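Spelled out, the chains give:
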Amino acid sequence: MTEKSETSDFDELVKNIEEEIQEEAREIYTEKTLEEAYNPKNVGELEKPSGAARVTGPCGDTLQIHLKVEEGVGGGDKIIDCKFITDGCGASIACGSVVTELVKGKTIEEAFRIGYKDVLSVLGGLPEENIHCSVLAVDTLRAALEDYESKSGKRIR
Ligand code: FES
């Protein structure tokens, strides 16, 4: 066998494995979850975040959230940007992406009211064993909001 055909056999094998994995994932996760996991929004860090937190979930995975807050004139302080990073599973990437989208444009008070069920409802649900991934994303958001409260000296809730 030539080197070239060995390479193409290997490529074919990798392609088949990838297709099998994607098919299995489609049976377990909703289309929205896969879309957010493969193309997450707001991944990264912010320079000088107004609030930041890194939380480790019961599974040992970590999620970090950075918030940029604009002080409100008259109204409440508003979240104008939000980024996340995780070393967790695909579901945690999807949950981090959804949380960052949900908080943008919200006041701190409104952001505190976001619960893991809001994340699940955007994703169309998660398997039982991945519910804690959405809880991790929301716990991290709350910790970042609390960090903002303590940095700004404002008690918002
Ligand atoms: Fe750890 Fe999903 S965040 S398994």
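These numbers come from a predicted model, not from an experiment.

## Details of the pattern of salt bridges
As enumerated under the stated definition, the model contains eight salt bridges in all. One salt bridge in this structure joins K41 and E36, with 2.9 Å as the shortest N-O distance. Note on K41: relative accessible area 31%, which makes it partly exposed. Under the relative-accessibility criterion, E36 is labelled buried at 3%. Across the pair K154 and E71 runs a salt bridge, and its minimum N-O distance is 2.9 Å. Of this pair, K154 sits in the segment after α6 (131-152) while E71 sits in the loop between β2 (62-70) and β3 (78-86), placing them 83 residues apart in sequence. Note on E71: relative accessible area 52%, which makes it exposed. By sharing partners, the salt bridges in this structure join K32, E36 and K41 into a single network.

## Some points on the nonpolar core
Ranked by size, the top nonpolar core spans 33 residues in total, and within it I65, L67, I79, V99, V103, L141 and L145 carry the most contacts. Of all elements in the fold, only β1 (51-56), β2, β3, α3 (90-103), α4 (108-112), α5 (116-123) and α6 reach the threshold of two or more residues within this core. Among the elements that take part in this core, α6 stands out by supplying nine residues, more than any other. Residue contacts for I65: discarding those within four places in its chain leaves G51, A52, A53, C82, K83, F84, V99, A137, T140, L141 and A144.

## Things to note about α3
Here α3 contains 14 residues, and its C-alpha end-to-end distance of 20 Å stays within 8% of the 20 Å for a straight helix at 1.5 Å per residue. Across the 14 residues that make up α3, a large majority, ten, are buried. Along α3, the residues that are buried comprise A91, S92, A94, C95, G96, S97, V98, V99, T100 and V103. Looking at the packing, one finds that the buried side of α3 touches α2 (31-38), β2, β3, α4, α5 and α6. Among the residues trailing α3, G105 stands out with phi positive, at a value near 90°.

What counts as what
- Residues numbered from 1 in each chain as written.
- Predicted model: local features only at pLDDT ≥ 70, side-chain atom pairs only at ≥ 80, totals over all residues.
- Heavy atoms only, no water.
- Salt bridge = Lys/Arg side-chain N within 4 Å of Asp/Glu carboxyl O.
- Buried < 20%, exposed > 50% of the residue type's maximum accessible area, 1.4 Å probe, protein only.
- Helix = DSSP H or I, 4+ residues; strand = E, 2+ residues; numbered from the N terminus.
- Core = buried A, V, L, I, M, F, W, Y, C linked by side-chain atoms within 4.5 Å.
- Contact = heavy atoms within 4.5 Å.
- Expected span 1.5 Å × (residues − 1).

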